Amino acid sequence: MLREFVGRQLDHDPNFRWRGESVTRIENLSDIAFALSLGMLISGANAPSNFSELRAFLFYLLPAAASFGVILKIWTAHFTFFRRYGVADRTIIFLNSLLIFVVLYLAYPLRFTFDALYAWIIGEITQNYSRAIEIGMNDANAALTISFFVGGYGICMALLALKYEHVVRRKSTLELDDYELAKTRATRAELWLGAVLAFPAISLALFTTAGPMAAFLLTLQFPGRHLLTRHYLGKLDG
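Cut-offs used in this document
Residues numbered from 1 in each chain as written. Predicted model: local features only at pLDDT ≥ 70, side-chain atom pairs only at ≥ 80, totals over all residues. Heavy atoms only, no water. Salt bridge = Lys/Arg side-chain N within 4 Å of Asp/Glu carboxyl O. Patch = residues over 30% accessible without salt bridge, like charges linked within 9 Å, V, L, I, M, F, W, Y side chains within 5 Å. Areas by Shrake-Rupley, 256 points an atom, 1.4 Å probe, with all protein chains shown as cover. Helix = DSSP H or I, 4+ residues; strand = E, 2+ residues; numbered from the N terminus. Buried < 20%, exposed > 50% of the residue type's maximum accessible area, 1.4 Å probe, protein only. Phe/Tyr/Trp six-rings, centres within 6.5 Å; stacked < 30°, edge-to-face > 60°. Axes fitted to C-alpha atoms, helices over the stretch in contact; angles between N-to-C directions. Parallel < 35°, antiparallel > 145°, perpendicular 65-115°, else oblique. Left-handed = near helix turned anticlockwise from the far one by under 90°. Nonpolar A, V, L, I, M, F, W, Y, C, P; charged D, E, K, R; others polar. pLDDT = per-residue confidence, 0-100. Expected span 1.5 Å × (residues − 1). Polar contact = N/O pair within 3.5 Å; in protein donor to acceptor, adjacent residues only side chain to side chain.

A. Expanded view of the pattern of salt bridges. Applying the stated criterion across every chain yields a total of six salt bridges. One network of salt bridges, in which partners are shared, links K73, E190 and R225.

B. Up close: a nonpolar patch on the surface. Together, F101, Y105 and F148 make up an exposed nonpolar region whose accessible area comes to about 370 Å². Looking at the element boundaries, Y105 is found in helix α5 (residues 90–126). For Y105, a relative accessible area of 55% puts it in the exposed group.

C. A look at the packing of aromatic side chains. For the structure shown, the criterion picks out 10 aromatic pairs. Here the aromatic rings of W75 and F79 are separated by 5.1 Å at their centres, their planes lie at 20 degrees, and the arrangement is stacked. Pair noted here: W75 and F79 are both in helix α4 (residues 61–85), with a separation of four residues, about one helical turn. For F79, a relative accessible area of 2% translates into the label buried. Summarising the aromatic geometry, the rings of F101 and Y105 are spaced 6.3 Å apart at their centres and angled 10 degrees between planes, so their arrangement reads as stacked. With a gap of four residues between them, F101 and Y105 both fall in helix α5, about one helical turn apart. With respect to class, F101 is no different from Y105; both count as exposed.

D. Spatial organisation of the packing of helix α7 (residues 139–169) against helix α9 (residues 178–207). Running from N to C, α7 and α9 cross one another at 160 degrees; their axes reach a closest spacing of 8 Å. The pairing of α7 with α9 is recorded here as roughly antiparallel in orientation. Here α7 runs over α9; the crossing is left-handed. When grouped by side-chain class, the residues that make up the contact of α7 with α9 number 21 nonpolar, six polar and three charged.

E. Expanded view of the confidence of the model for the protein chain. Averaged over all residues, the pLDDT of the protein chain equals 83, while 87% of them reach at least 70. Mean pLDDT across the elements of the protein chain bottoms out in helix α1 (residues 2–10) (50) and peaks in α9 (94).

F. View of unusual backbone geometry. For E175, which is not glycine, the phi dihedral falls at a positive 55 degrees. Along the chain, the position of E175 falls in the loop between α8 (171–174) and α9. Using a relative accessible area of 59% as the deciding quantity, one classes E175 as exposed.

G. Spatial organisation of α9. The end-to-end C-alpha distance of α9, which contains 30 residues, comes to 44 Å, matching closely the 44 Å that a straight helix rising 1.5 Å per residue would cover. Where α9 begins, the capping side chain belongs to D177, and its oxygen is found 3.2 Å from the backbone nitrogen of Y179.

Structure representation (C-alpha cells):
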C-alpha cells in the first residue's frame, strides 16, 4: 500500500493507466541495488570520533543530500517506468541490469564528486582551499572528476531512454492510447536530452575554464521537461 501511494504521488496522472500494478522480481532486485547505492553514499564518509569531526560531518550534509537527489531522480524514473508499462521482457531486463550496474558503480564516485565540488565552491567563496587540498583537488582534477559524474549520469539517462524506446515500439501490444503515447514520447525525449547534455558538459569541463561548473548544464533538463511535455501533448489539441 505504501509503495502504491508513493508511486501515485510521484506520477499522479489520472489519464495514464498503470499496467504494472504488481512488483516484478527485476524491480525487487533494482530496489535492493538502489538501496545499497544510497547506503554507500553515507558509508563512504568516516564516522566522527570527536566534535571537530562531527562538525565537519554535518557540514558536508549538503553534498551528501545532492548525491541522494541524483540517485533518487534515477530511481523515480525507473519506478515510474515499471508502474506505467509493467514490461519485464528480455530487452528490459538487459537494459535494467546495465542501469543498476552503473548506479552501483557510480555511488562512491558520486559522493566524492559532490564533496569535491562543494569544497571547490567553498574555496572560491571563502578563499580557504584547505578541504580541496586535503582531498587532492585542483582545477584539472576537478574537471576530470565532474566529467566522470556527468558521463555516468548521461549513461543512466540513455539506458532509461532506451527502455522508453522499447515501449514505443510495443505501443500496440501495450494498447497505449494517444495521450499515453504522447506522454511516453515526451518522457523519452526528456531522458535523451539528459543524455545528450552530458557531451557538451564534459567538453566544457575538460577543455574550457568552466571546469566543474560545467555540470550545471545538466539542469537544462528540468525546463526541457516542461517544454517537451507541452510540445508532445500540444499536438493532441491540434
